[in-house]
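For reference, the chains in residue letters:
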Amino acid sequence: MTAFFSIFITVFLAELGDKTQLATVLFASDGGKSKLMVFAAAALALVASTGLAVLAGAAADKWLSALPLKLIAGAGFVIIGALMMLDHFRAA
């Protein structure tokens, strides 16, 4: 159960305030749309995208098991963050 809660907390915190949540807020704020339909559609979309991520992770584990995947993923996040910061300072 520890792994379950660790994954839950990590993904939950990562999703707070991201583009997906903001898009869902925008759909829910539209008075013409059922809130239950917005919830169901957003939940199904998250389940589907998470399923694809799990499949991609399983394939990566199978084909790239010799590489340190956590290190590669972490470096990817750092690189994306650095590029976003660079873009911010270029635009200012």
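Please read all numbers here as calculations on a predicted model, not as lab measurements. (Residues numbered from 1 in each chain as written. Predicted model: local features only at pLDDT ≥ 70, side-chain atom pairs only at ≥ 80, totals over all residues. Heavy atoms only, no water.)

Another point: helix 4 (residues 69-91). Here helix 4 is 23 residues long and its end C-alpha atoms lie 33 Å apart, about the 33 Å a rise of 1.5 Å per residue gives. When you tally the buried positions in helix 4, you get zero out of 23 residues, a small fraction of the element. (Helix = DSSP H or I, 4+ residues; strand = E, 2+ residues; numbered from the N terminus. Expected span 1.5 Å × (residues − 1). Buried < 20%, exposed > 50% of the residue type's maximum accessible area, 1.4 Å probe, protein only.)

Bringing the packing of aromatic side chains into the picture now. Any pair of aromatic rings gets described here by the distance separating the centres and the angle formed by the planes. Per the counting criterion, the structure on display carries two aromatic pairs. Ring geometry for F4 and F5: centres 5.5 Å apart, planes at 80°, overall edge-to-face. For F5, a relative accessible area of 47% translates into the label partly exposed. (Phe/Tyr/Trp six-rings, centres within 6.5 Å; stacked < 30°, edge-to-face > 60°.)

Where helix 2 (residues 19-29) contacts helix 3 (residues 35-63), the axes come no closer than 9 Å and their chain directions differ by 160°. Classed by the angle they form, the pair helix 2 and helix 3 counts as roughly antiparallel. Crossing angle aside, the handedness with which helix 2 passes helix 3 is right-handed. Two secondary-structure elements touch here, helix 2 through T20, T24, F27 and A28 and helix 3 through K35, V38, A42 and L46. Its residues assigned to classes, the contact of helix 2 with helix 3 shows five nonpolar, two polar and one charged. (Axes fitted to C-alpha atoms, helices over the stretch in contact; angles between N-to-C directions. Parallel < 35°, antiparallel > 145°, perpendicular 65-115°, else oblique. Left-handed = near helix turned anticlockwise from the far one by under 90°. Contact = heavy atoms within 4.5 Å. Nonpolar A, V, L, I, M, F, W, Y, C, P; charged D, E, K, R; others polar.)

Time to look at the environment of P68. Tracing the chain through its elements places P68 in the loop between helix 3 and helix 4. The exposure class of P68 is partly exposed, given its relative accessible area of 44%. Between the C-alpha atoms of P68 and L52, which are 16 residues apart in sequence, the distance is 21 Å.

Computed from the structure, the largest pocket encloses a volume of approximately 800 Å³. V11, F12, E15, L46 and T50 are, among the 20 residues lining the largest pocket, the residues nearest its centre. Listing elements by their share of the lining of the largest pocket, those giving two or more residues are helix 1 (2-15), helix 2 and helix 3. With eight residues, helix 3 is the largest single contributor of residues to the lining of the largest pocket. Split by residue class, the lining of the largest pocket holds 12 nonpolar, six polar and two charged. Of the volumes computed, that of the second largest pocket is approximately 250 Å³. (1 Å grid on protein atoms, 1.4 Å probe; cavity = no way out; pocket = protein on both sides within 12 Å on 5 of 7 lines; lining within 4 Å. Points joined across faces, edges and corners; volume = space filled by probe spheres on them.)

Let's shift gears to a nonpolar patch on the surface. There is a patch of nonpolar side chains on the surface, built from M1, F4, F5, F8, I9, F12, L13 and L16 and spanning about 890 Å² of accessible area. Within the element layout of this structure, F12 appears in helix 1. (Patch = residues over 30% accessible without salt bridge, like charges linked within 9 Å, V, L, I, M, F, W, Y side chains within 5 Å. Areas by Shrake-Rupley, 256 points an atom, 1.4 Å probe, with all protein chains shown as cover. Salt bridge = Lys/Arg side-chain N within 4 Å of Asp/Glu carboxyl O.)

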